[in-house]
Amino acid sequence: MKKILLLSAFTILFVACSQKESSTNIDKIIESKDLTKIQAKRVELQAQLTKLDEAIATLDTTKVEVLVAIQTLKDTIFNHYLEIQGNVDTKENILIQPEIPGTLVSLNAIAGQHVSKGQILGRVDDGGASQQLASLENQYNLAKTTFERQKNLWDQKIGSEIQFLNAQTQMISAQKAVAQAKAQLSKTVIRAPFTGVIDEVFVERGEVVAAGPTGLMRIVNLSNMYVSTLVPETYIGKLKVGTVVDVTLNSLGKTYKGKIRQIASSINPNNRSFNIEVAVPNPDNLLRPNQVAKLKIVDYINPKAVVVPTNVVQEDGKGNHYVYTVTDNKGKTGIAKKVIVEAGKSANNVTEILSGLSEDDTIVTEGVNTISEGMQLNF
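S.K.: Account for the overall build of the protein, naming residues and giving values.
M.R.: Scanning the protein from N- to C-terminus turns up 4 helices and 23 strands. Relative to its length of 379 residues, the protein is extended, with a C-alpha radius of gyration of 41 Å against a globular reference of 21 Å. Residue burial in the protein is summarised as follows: out of 379 residues, 32% are buried. By sequence separation, contacts in the protein at least 24 residues apart represent 72% of the contacts at least 6 residues apart.

S.K.: With reference to specific residues and values, describe the packing of aromatic side chains.
M.R.: One pass over the full model with this rule turns up 4 aromatic pairs. Where Trp 154 meets Phe 164, the ring centres are 6.1 Å apart and the plane angle is 15°; that geometry is what we call stacked. With a gap of 10 residues between them, Trp 154 in helix α3 (residues 129-155) and Phe 164 in helix α4 (residues 161-186) connect regions that are remote in the sequence. For Phe 164, a relative accessible area of 13% puts it in the buried group. Three or more aromatic residues link up through ring pairs in this structure, and these residues are Phe 147, Trp 154 and Phe 164.

S.K.: Hey, could you go over the environment of Leu 133 for me, with residue numbers and the actual values?
M.R.: You can see Leu 133 is positioned in helix α3. Judged by relative accessible area, which is 10%, Leu 133 ranks as buried. For the pair Leu 133 and Lys 182, spaced 49 residues apart in the sequence, the C-alpha separation amounts to 6.8 Å. Once residues within four sequence positions are removed from consideration, Leu 133 is found in contact with Val 178, Ala 181, Lys 182 and Leu 185.

S.K.: How would you explain the sheet that holds strand β12 (residues 225-232) if you had to name every residue and give the values?
M.R.: Sheet architecture is closed into a barrel: 6 strands sit in the order β3-β12-β15-β14-β13-β16, paired in antiparallel fashion. The sheet shows a mean angle of 40° between the axes of neighbouring strands, direction not considered. Where strand β3 (residues 76-90) and strand β16 (residues 292-305) come together, 11 bridges link them in antiparallel fashion. Across the sheet, His 80 pairs through a bridge with Tyr 300, a residue of β16.

S.K.: Quick one: what's the story with unusual backbone geometry, residue by residue and with numbers?
M.R.: If you check the backbone angles, Asn 349 has positive phi at about 70° while not being a glycine. Within the secondary structure, Asn 349 sits in the loop between β20 (333-347) and β21 (350-355). Residue class for Asn 349 comes out exposed when judged on its relative accessible area of 67%.

S.K.: Could you give an account of the sheet that holds strand β11 (residues 217-220), with specific residues and numbers?
M.R.: Across the sheet, which stays open at both edges, the 4 strands sit in the order β4-β11-β9-β6 with antiparallel pairing between neighbours. One side of each edge strand has no neighbouring strand; the edge strands of this open sheet are β4 (93-96) and β6 (114-115). In this structure, β6 lies alongside strand β9 (residues 196-201), joined through 2 bridges in antiparallel fashion. Within β9, the residue paired with His 114 across the bridge is Val 197.

S.K.: Please give an account of the pairing of strand β22 (residues 362-366) that cites residues and values.
M.R.: In terms of residue burial, β22 counts as a mostly covered element, since 4 of its 5 residues are buried. The pairing of strand β2 (residues 69-72) with β22 spans 4 bridges and is classified as antiparallel. Residue pairing for β22: Ile 70 is matched across the bridge by Val 364.

S.K.: Help me get a handle on the pairing of β16, residues and values and all.
M.R.: Relative to β16, strand β13 (residues 244-249) runs antiparallel, the two being bridged by 4 bridges. Residue pairing across strands places Val 247 opposite Leu 295, the latter belonging to β16.

S.K.: Go over the pattern of salt bridges, please, and point to the residues and values.
M.R.: If the charged atoms of two oppositely charged side chains come close together, the side chains can form a pair. For the structure shown, the criterion picks out 10 salt bridges. Between Asp 155 and Lys 151 there is a salt bridge, with the nearest N and O atoms lying 3.3 Å from each other. Here the residue Asp 155 and the residue Lys 151 both occupy positions in helix α3, the gap between them amounting to 4 residues, near one helical turn. Given the relative accessible area of 48%, Asp 155 is considered partly exposed. Among the residues examined, Lys 151 registers a relative accessible area of 35% and is labelled partly exposed. Measuring nitrogen to oxygen at the nearest pair gives 3.9 Å for the salt bridge that ties Lys 330 to Asp 328. Exposure remark for Lys 330: the relative accessible area of 60% places this residue in the exposed category. One continuous salt-bridge network, built from bridges that share partners, spans Lys 91, Arg 261 and Glu 277.

Parameters at a glance
- Residues numbered from 1 in each chain as written.
- Predicted model: local features only at pLDDT ≥ 70, side-chain atom pairs only at ≥ 80, totals over all residues.
- Heavy atoms only, no water.
- Helix = DSSP H or I, 4+ residues; strand = E, 2+ residues; numbered from the N terminus.
- Rg over C-alpha atoms; globule rule 2.2 N^0.38 Å.
- Buried < 20%, exposed > 50% of the residue type's maximum accessible area, 1.4 Å probe, protein only.
- Contact = heavy atoms within 4.5 Å.
- Phe/Tyr/Trp six-rings, centres within 6.5 Å; stacked < 30°, edge-to-face > 60°.
- Pairing = 2+ DSSP bridges.
- Axes fitted to C-alpha atoms, helices over the stretch in contact; angles between N-to-C directions.
- Salt bridge = Lys/Arg side-chain N within 4 Å of Asp/Glu carboxyl O.

Quick look at the structure:
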């Protein structure tokens, strides 16, 4: 009898020591801050828990009923998105510079003004160029008249050929001088290079102006907006010109439908990425250069996919992904069955299932954390 008591006491003491030692080992592993060891210990413990759950499910004849929600699977279209950030911009956003220096004698632009391409926005003093042009035009008119008279005489076989050629040369020379003077004079006129809005004006009438870093004014066209961003080189071949893109601006609380309009032909060696431009409509003129946008680009489509809510896909101690399906379905009750699955891509809170499930299978969608293999389910 004493031997039995001693053996029992020793057993209790051994179990207690083992539990204490196991707890101490776990504490030591955590204190070591070695991520690899911690992860390995977790896998080991999870595997043991899985074995215990399976043993309990086999041996426990008491059927615990659990209330769950279920879903019958159907084939559907699955889209996977590349989500990336970009900046709003426009090609038509420039500083207008004077072509020649001089005094700004007129200014016909104010901030916020809508202007059309070619509209006159101001003039720089021509420094006498208009008078010079008038003089050259008079010289041209005289040379033209002289040429026409000389030509009439030459047609009648009167006069010499050299007189005719001289008159013709003088007329052409005067004509070129007039054209050059007009071109020079046109540089004093400041015109809108495209249709848009005057964003800022930096000068006042009467100032002496010249080309500089600030320019005269800034003009922006908000009707031709796009988002520019960098995409990792792993997506080469997955993106195409014309692909529809969801462009979300959190600052506006709006999402626009854009299209990829340009894909760079080279890879940046520094960050292994390439540039794309996404054209974005701006019907309300709310988009502005340098706004931050979030892009969702479809990079994968499965037109006939089996998908499940992402939160129902679990992982066991062996690294297997699994879901619970319903067997012996009797309308309002059924039995839980653990099914190993191969999970694919995830998007919009659903996960593509590549194998393990098929159309018309019924899965548990709510209550998955409270059930195990073989449990009686109510739904």
